[in-house]
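As a plain string of letters, each chain reads:
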Amino acid sequence: MSGFVRRRLLWGSLLLAATLAVISAYARWAGATTREAYLSGWVLFGLMVLLTGYNWFKKIPYLPLGRSEVWLQFHIYAGLFTGVLFLLHVRGRWPTGWFEIVLTVLYVLVMVSGVLGILISRGWPKRLTARGGEVPFERIPIVRRQLREQAEALALNSVAEARSATIAEFHARRLHAFFAGPQNFLSHVFEIRLPLNALLNELGDLNRFLNEQERKVTAQLVTLVRQKDGLDYQHALQLTLRLWLFIHIPVTYSLMLCALAHIVLVYGFSAGVR
Amino acid sequence: MKDQLPSPDFDRSRYDRPNQDWECGWTCDGCPCRIGPSPSGTCRATAECRPVLEKKDGEDKGRWRCTRSKEHGGPCTNGPLPSGGCACPIPTCQPRRSLRNQRGRLCVAVTAVTLALLLVGFFGPWQWRFISAGPVSSNHHGVVFAQMKHSWPGSDGCGACHTAAHGDLHEWMRAAFRARPGPFEPHRLLTVTAGMTELDNHCLSCHPGHRFHQPNVTRDHSCSACHREHQGSGRMPPPADTQCLSCHGNGTVMEASRKAGEKLPPAAFDYRQVAGRQHFQVPRPERGYTRVFKSFDTDHPEFQLHAQKLTDTNSLRFNHSLHLSSLVQRNGQPLACADCHQPAAAGAHFQAITFAKHCQSCHALQFDARNPQLRVPHGDPVGVRAFLRSLPTQYADLARRSGVTAQADTEKFVAEEMRLLRERAFSGENLEQQIFFASDPSKQLTVGASPGNASPRARFAGCAYCHDVKPGGADGLPHIARVFTPDRWLIRGEFNHAKHTIVNCAQCHDAASSRRTEDILLPNKQSCTECHSPAGGVSQTCATCHSYHTVHGSQPQTKR
């Protein structure tokens, strides 16, 4: 059994045990003399504070708070556990008050973005490896510039070597914009190859009007186009792997603020009743 | 395209720092400078190197040497300027924020916007609507509440229940820390009881007394524990079983209630009648209603009617079996339950059984077979006596209604009928006695009518055939026991017939075999649990049948 499977089994079992424990405890406490909504609320809030703290723990590595890898696992499984607590806390019903709706929507946003984030964090690196052409995200603009310069050089040289401006014109009309920056973001995210195939088809169609010398240049351009497309693929997926945090983290802070306000309101207006 | 792309060539020795707040503005163009922006985000680019002056021995001026590292291309071909400056200046840029920095700024912005929106929501014009946990139930809104809510603080009358609505944020915080259990008393969340709270005390300002359950309740139960508001604009959801079982499932509480009940006068437990309803009086069990149980289908006590083997004390003699047999017919068909038991307007219960509506059509009280139009009046012995003493007038009136107009013919008719009557009853007093006391239907009718009569109406044997008639009333009249036909048998539970129309009457009520009035034809608990149980699949919650707010005692109880 690999370490990954063992780790997943361990945390999954913990999550299952905690879920069963809290549901059975809730069924017992939901009776008579306990404030089960307060209990679930405080546990949920405490857990959310810990989950929010994960972002801060990483910023203070000099404190002996354990390995970040363990914290990440805790963050994932405790985050899923908050879903159970949340459902118990709201008694499985959609809220009817405005503020409570805001609170619920914020929680759902954090939860959904977190689940999507972990799904793409686990799945997309495999996609990136399978496609190849891996390059650090920060180096993508540099590699893109190199490809652009190579394409421009090929197009310019073809004019002198082949005594024809066909490729240069095609470059100016079609390839220049393609090499200028990241392209086809959504197509890459959803694994759609239509834009690349369309461009390659255009290059293929161009071959009918080219001489032998120019066809060699076109073949090199096709290689560059494929490399650029692979680079765009890396860019799209790696950017998305970073962008989901642009929803998850800010909305988390918003949620925590609203949760604090919710606690004040609950205690202030319910006077401790259930 | 299944083939894997090769990784492009790039300098792997260089290490970018994505955690830094700023990056070179030329990065997006693919040619960031090697110096990079300052931590504050200003461009620090000057030149690609800082030439150094090399002087050989004996030289005065020396020679400027390019110091560009090999990593960045090595010394440039042009070399430094004569002034010692670098000949390869780096164009300045506008540094841009890194993704991480942008995310941080977004966090701050979102937090600030949230805070602002919360302030607007909490203290803006829609303050109470925003704060409210949802619309209140229909029990707490309507015309009356709309008129009253303006007298309470908070635009939507929140102050009627919530003290915090009487003030600002400061008051909210004070109320929060005044709450029991408070925000810093998590240990009390597990042990706190369902006692009255500040919010519950507000309930009592409109629902005073908290005296709507059994008088031997040892502690006031929190209103809000059972009645959860702000769950929607419909009716308030029924309380959960757990609330009832917090006492009825707790042996200690039930024992305390039993002891408390022993100290109270029996009258305190009388079920206060609802006007217009006839309730079957059920004697209170010796231990009261303090048996501990967990659910209806398992250990809920048997209905008292069956547990105590109670009987119907109605003085009216009625044989269900006879009426449902083929001996009694209506329009050629045997009677059905619905011929007499007709649903009331709401369908939950049945209309009261009355002589005029349900009996008279068959039991017409015809005492003279020759003149079936004449009927003994029902309901009052005085009226019966007056009728019998006015029989000549009644016959004369009958004659006129039958078309006899001549005075002589009328007198002749009256004389003839009176003569025949005397032949059978001998005297007026004897006739009255027979009318009141005769009860044997197998004998000849009191006066005249025979079983072979063509009339489909039931024979009139005498008042005592149905009623409990005893001599000794005022003015020599008999005493006829008052008929008491309850229209509610289960006074501690509510049964809605309209919700049970899929079940035949006979499945629950064994009327076809009941010959005695004393039989109470209500089903027992087992009959109910066939459906109202987890196996039956129909709800068996306490609130399905019971209401906590039952009223007891003829007088309001004194506050415990």
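Treat the numbers as computed from the prediction; the structure is a model and nothing was measured.

Q: How would you explain the overall build of chain A if you had to name every residue and give the values?
A: Summing up its helical and strand segments, chain A has 10 helices and zero strands in all. In chain A, the succession of α and β elements from N to C terminus is α-α-α-α-α-α-α-α-α-α. Across its three principal directions, the C-alpha atoms of chain A cover 90 × 45 × 35 Å. In chain A, once contacts between residues fewer than 6 apart in sequence are set aside, the share between residues at least 24 apart is 79%.

Q: Give me the lowdown on the overall build of chain B, citing residues and values where you can.
A: Check the secondary structure of chain B and you find 19 helices and eight strands. Computed over the C-alpha atoms, the radius of gyration of chain B is 47 Å, more than 25% above the 24 Å expected from 2.2 N^0.38 for a compact globule of 560 residues. Expressed along its principal axes, the backbone C-alpha trace of chain B runs to roughly 175 × 65 × 50 Å. The buried share among the 560 residues of chain B stands at 17%. Relative to all contacts within chain B whose residues are 6 or more apart in sequence, the contacts with residues 24 or more apart total 61%.

Q: Help me get a handle on the interface of chain B and chain A, residues and values and all.
A: Counting residues at the interface gives 62 residues for chain B, matched by 56 residues for chain A. When contributions to the side of chain B that touches chain A are tallied by element, the ones reaching two or more residues are helix 1 (99–123), helix 2 (127–131), helix 4 (169–178), helix 5 (198–206), helix 6 (223–226) and helix 7 (241–248) of chain B. Here the element with the most residues in the side of chain B that touches chain A is helix 1 of chain B; it accounts for 10 residues. Of the residues assigned to the side of chain B that touches chain A, the class counts are 34 nonpolar, 21 polar and seven charged.

Q: Can you lay out the domain arrangement of chain A for me, pointing to particular residues and giving the numbers?
A: Residues and elements named next belong to chain A. Under the domain assignment, chain A is made up of domain 1 (3–131 + 246–270) and domain 2 (137–241). Contacts between the two partners involve six residues from domain 1, matched on the other side by six residues from domain 2. When grouped by side-chain class, the residues that make up the side of domain 1 that touches domain 2 number three nonpolar, one polar and two charged.

Q: How would you summarise the nonpolar core if you had to cite specific residues and measurements?
A: Residue and element names in this part refer to chain A. Ranked by internal contacts, the top residues of the largest apolar core, which has 24 residues, are Leu-103, Leu-106, Leu-255 and Cys-258. Take this core: its biggest share by element is seven residues, from helix 10 (residues 245–270). Filtering out sequence-adjacent residues up to four positions away, Leu-106 remains in contact with Val-251, Ser-254, Leu-255 and Cys-258. Counting residues in each nonpolar core, the second largest holds 19 residues, with Leu-175, Phe-178, Leu-199 and Val-225 among its members.

Q: Residue-level account of the packing of helix 6 (residues 166–180) of chain A against helix 9 (residues 212–243) of chain A, with values.
A: Residues and elements named next belong to chain A. Interaxial distance between helix 6 and helix 9 falls to 12 Å at its minimum, and their mutual angle equals 0°. Considering the angle they form, helix 6 stands roughly parallel to helix 9. Residues Thr-166, Ile-167, Phe-178 and Phe-179 of helix 6 form the contact with helix 9, whose participating residues are Glu-214, Val-217, Thr-218 and Lys-228.

Q: Talk me through unusual backbone geometry; I want residue IDs and the actual numbers.
A: For residues that are not glycine, phi is negative in most cases, and the peptide bond is trans in most cases. Residues other than glycine seldom take positive phi values, yet Asn-184 of chain A does so here, at roughly 50°. Take Asn-184 of chain A: it is sitting in the loop between helix 6 and helix 7 (185–189).

Q: Explain the environment of Ala-464 of chain B to me, and be specific about the residues and the numbers.
A: All names here are of chain B. Here Ala-464 is to be found in the loop between helix 16 (428–437) and strand 7 (469–470). Among the residues examined, Ala-464 registers 19 C-beta atoms within 10 Å and is labelled partly exposed. Distance from Ala-464 to Asp-299, taken between C-alpha atoms, is 44 Å for residues 165 residues apart in sequence.

Q: Which residues make up the confidence of the model for chain A, and what values do they have?
A: Residues shown with low pLDDT carry predicted positions that ought not to be read at fine detail. Summing up the model confidence of chain A, the mean pLDDT is 89 and the portion of residues at 70 or higher is 96%. Within chain A, no element has a lower average pLDDT than helix 1 (residues 3–29) of chain A, which sits at 87, and none a higher one than helix 7 of chain A, at 95.

Q: A description of the confidence of the model for chain B should follow, citing residues and the corresponding values.
A: Residue and element names in this part refer to chain B. Model confidence for chain B is summarised by a mean pLDDT of 84, while 90% of its residues fall at 70 or above. Low pLDDT (under 50) marks residues 444–456, which in the prediction has 28 contacts with non-local residues, meaning those over four places away or in another chain. For this predicted complex, the interface confidence reaches an ipTM of 0.89, while the overall pTM sits at 0.73.

Q: Go over the packing of helix 8 (residues 194–206) of chain A against helix 9 of chain A with me, naming the residues and quoting the values.
A: Residues and elements named next belong to chain A. Look at helix 8 against helix 9: their axes get within 11 Å of each other, and the N-to-C directions meet at 175°. In terms of axis orientation, helix 8 runs roughly antiparallel to helix 9. Across from Leu-196, Leu-199, Leu-200, Leu-203 and Leu-206 in helix 8, the residues of helix 9 making contact are Thr-218, Leu-221, Val-222, Val-225 and Asp-229. Split into classes, the residues belonging to the contact of helix 8 with helix 9 amount to eight nonpolar, one polar and one charged.

Calculation rules
- Residues numbered from 1 in each chain as written.
- Chains lettered and ligands numbered in written order.
- Predicted model: local features only at pLDDT ≥ 70, side-chain atom pairs only at ≥ 80, totals over all residues.
- Helix = DSSP H or I, 4+ residues; strand = E, 2+ residues; numbered from the N terminus.
- Contact = placed C-beta atoms within 7 Å.
- Rg over C-alpha atoms; globule rule 2.2 N^0.38 Å.
- Buried ≥ 20, exposed ≤ 12 C-beta atoms within 10 Å, placed from the backbone.
- Nonpolar A, V, L, I, M, F, W, Y, C, P; charged D, E, K, R; others polar.
- Domains from an automatic or database assignment.
- Core = buried A, V, L, I, M, F, W, Y, C linked by C-beta atoms within 7 Å.
- Axes fitted to C-alpha atoms, helices over the stretch in contact; angles between N-to-C directions.
- Parallel < 35°, antiparallel > 145°, perpendicular 65-115°, else oblique.
- pLDDT = per-residue confidence, 0-100.

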